[in-house]
Amino acid sequence: MAGLGMRELGYTGLKVSSLGFGASPLGNVFGTVKEEDAIASVNEAVRLGINFFDTSPYYGSTLSEQVLGKALKTLTIPRDRYVVSTKCGRYKEGFDFSAQRVTQSIDESLARLNLDYVDILQCHDIEFGSLDQIVNETIPALQKIKETGKIRYIGITGLPLNIFPYVLDRVPPGSVDVILSYCHYSINDSSLEDLLPYLKSKGVGVITASPFSMGLLTESGPPEWHPAPSELKAACAAAATHCKAKGKNISKLALQYSLKNTDISSVLVGMNSIQQVQENVAAAIEANKGQNIDDELLKEVEVIFSPVKNLSWPSGVTQN
Ligand code: NAD
């Protein structure tokens, strides 16, 4: 569909929609979602031009993969018209980045997703494991899986930004195709920006997630488990209230902010209803048309965020 914008994903040859469908809500991570709503959301996303779906066995203890799998089965477009990414190494039971576990994991994921292959398999939240194991054991295991055709490309994900250069500087060039960074390219935290030239020099595709900072930049606010410090939560609530008082929506502003950097191939948003899909696609189309994001509102919101700008929270084991 014209307008949503397709972007190259690094050197993979994949073209992904600038707005990607984050399937973690399908695992009931942000509250219960009816299966029929989940399936309808995925179909609506495809109808409106979204071609990129991201999940993990961790989301809802495999529920997200199962529900996404059911939804993908209802699609009438050929398999090569959409891109599916899942993850390995993070499970309900804990973290396990061993070669044996990730090799078993992809078969389990493919069965749940009803697919013969996924386009991208990513090591999920590697800051919770040993980064040296990722370099020396997990990535080589994923290379072997790639040779079987069960996956096409390899990625790594996590919150702290230093994990990306640590791994990318130690693996053979071309063995990691994409990185997924979350909560570091939104209005309140844009710290990924400084790393983008390095990532480009390494030839990896960049996916960002959580333009709403996992629900912080929404009118209804974050889920109870949200790890942000209280001063950040308070600033986000104040920003949402400010936007609402002006008849504007913080989520629309937040999404358009994240989409404006074309060095980012796709911005993943967690979606769980047709209405959310339609709203987000409309915001993305507007942003891609070059219709300016509301600069005046953005400036006002940035003032509210200035005391907490780039404030994050700890994630992972301390040696990382
Ligand atoms: P998000 O910032 O996208 O926020 C999701 C929340 O916003 C959900 O509650 C959703 O219902 C709500 N929402 C969606 N559209 C809305 C709208 N228009 N108005 C108001 N609320 C709206 O956070 P997320 O879901 O955590 O991130 C997106 C996706 O990125 C995930 O589903 C996942 O696929 C991926 N992700 C990956 C990692 C990782 O690999 N470590 C981490 C975070 C996210």
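Refer to the structure presented above.
Here's a quick rundown of the structure. (Residues numbered from 1 in each chain as written. Predicted model: local features only at pLDDT ≥ 70, side-chain atom pairs only at ≥ 80, totals over all residues. Heavy atoms only, no water.)

For the rest of this paragraph, the subject is helix α7 (residues 230-245). In this model, α7 (16 residues) spans 22 Å end to end at C-alpha, consistent with the 22 Å of a helix rising 1.5 Å per residue. Within α7 the residues assigned to the buried category are Leu-232, Ala-235, Cys-236, Ala-239, Ala-240 and Cys-243. Projected onto a plane normal to the axis of α7, the buried residues spread over an arc of 135° and lie on a single side. The exposed set on the far side of α7, more than 90 degrees from its buried face, consists of Ser-230, Thr-241, Lys-244 and Ala-245. For α7, the secondary structure elements touched by its buried residues are α8 (250-259) and α10 (295-305). In the stretch just after α7, Gly-247 is the one whose phi turns positive, near 75°. (Helix = DSSP H or I, 4+ residues; strand = E, 2+ residues; numbered from the N terminus. Expected span 1.5 Å × (residues − 1). Buried < 20%, exposed > 50% of the residue type's maximum accessible area, 1.4 Å probe, protein only. Arc of directions from axis to C-beta. Contact = heavy atoms within 4.5 Å.)

Further remarks concern the pattern of salt bridges. Tallied over the full model, the rule gives 17 salt bridges. Asp-119 is paired through a salt bridge with Arg-152; the nearest N and O atoms lie 3.3 Å apart. Placement of Asp-119 in strand β8 (residues 118-123) and of Arg-152 in strand β9 (residues 151-158) is noted, with a sequence separation of 33 residues between them. One salt bridge connects Lys-200 with Asp-263, and the closest N-O pair in it is separated by 3.2 Å. Of this pair, Lys-200 sits in helix α6 (residues 196-201) while Asp-263 sits in the loop between α8 and β12 (266-270), and the two are 63 residues apart along the sequence. (Salt bridge = Lys/Arg side-chain N within 4 Å of Asp/Glu carboxyl O.)

Applying the stated criterion across every chain, the model contains zero disulfides. Unpaired in this structure, Cys-183 has its nearest cysteine sulfur neighbour in Cys-236, at a distance of 9.7 Å. (Disulfide = S-S within 2.5 Å.)

Evaluation of the coordinates by the stated rule reveals five aromatic pairs. Aromatic side chains Phe-30 and Trp-225 sit 5.6 Å apart centroid to centroid with 55° between the ring planes, which places their arrangement in the tilted category. On the criterion of sequence distance, the pair formed by Phe-30 in the loop between β3 (19-22) and α1 (35-47) and Trp-225 in the loop between β11 (205-209) and α7 is long-range, its members being 195 residues apart. For Trp-225, a relative accessible area of 41% corresponds to the partly exposed category. With a centroid separation of 4.6 Å and 10° between ring planes, the pair formed by Phe-95 and Phe-128 is classed as stacked. Of this pair, Phe-95 sits in strand β7 (residues 94-95) while Phe-128 sits in the loop between β8 and α4 (131-148), and the two are 33 residues apart along the sequence. One residue, Arg-79, lies across the ring of Tyr-117, its end atom 4.1 Å from the ring centre. (Phe/Tyr/Trp six-rings, centres within 6.5 Å; stacked < 30°, edge-to-face > 60°. Lys NZ or Arg CZ within 6 Å of the ring centre and 35° of its normal.)

Its boundaries defined by the atoms lining it, the largest pocket holds a volume of some 1300 Å³. What lines the largest pocket is a set of 48 residues, among which Ser-24, Phe-30, Ser-210, Met-214 and Gly-215 lie closest to the centre. Elements with a minimum of two residues in the lining of the largest pocket: β10 (178-182), α8, β12 and α9 (274-288). A class-by-class count of the residues in the lining of the largest pocket yields 22 nonpolar, 19 polar and seven charged. Secondary structure elements with two or more residues in the lining of the second largest pocket: α6 and β11. When residues in the lining of the second largest pocket are grouped by element, the largest group, three residues, is from α6. Tallied by class, residues from the lining of the second largest pocket come to five nonpolar, five polar and three charged. (1 Å grid on protein atoms, 1.4 Å probe; cavity = no way out; pocket = protein on both sides within 12 Å on 5 of 7 lines; lining within 4 Å. Points joined across faces, edges and corners; volume = space filled by probe spheres on them. Nonpolar A, V, L, I, M, F, W, Y, C, P; charged D, E, K, R; others polar.)

Burial runs high along β9: seven of the eight residues are buried. Here β8 runs beside β9; their pairing, made up of five bridges, is parallel. For Cys-123, the partnering residue across the bridge sits in β9 and is Ile-156. In this view, the connection linking β8 to its parallel neighbour β9 by way of α4 has right-handed handedness. Of the strand pairs in this sheet, β9 and β10 are connected by four bridges, and their pairing is parallel. Note that in β10 the partner of Thr-157 across the bridge is Leu-180. Each parallel crossover has a hand, and for β9 linked through helix α5 (residues 163-168) to β10 it is right-handed. (Pairing = 2+ DSSP bridges. Right-handed = clockwise from strand over helix to strand, strands pointing away.)

Geometric values such as these leave the question of function open.
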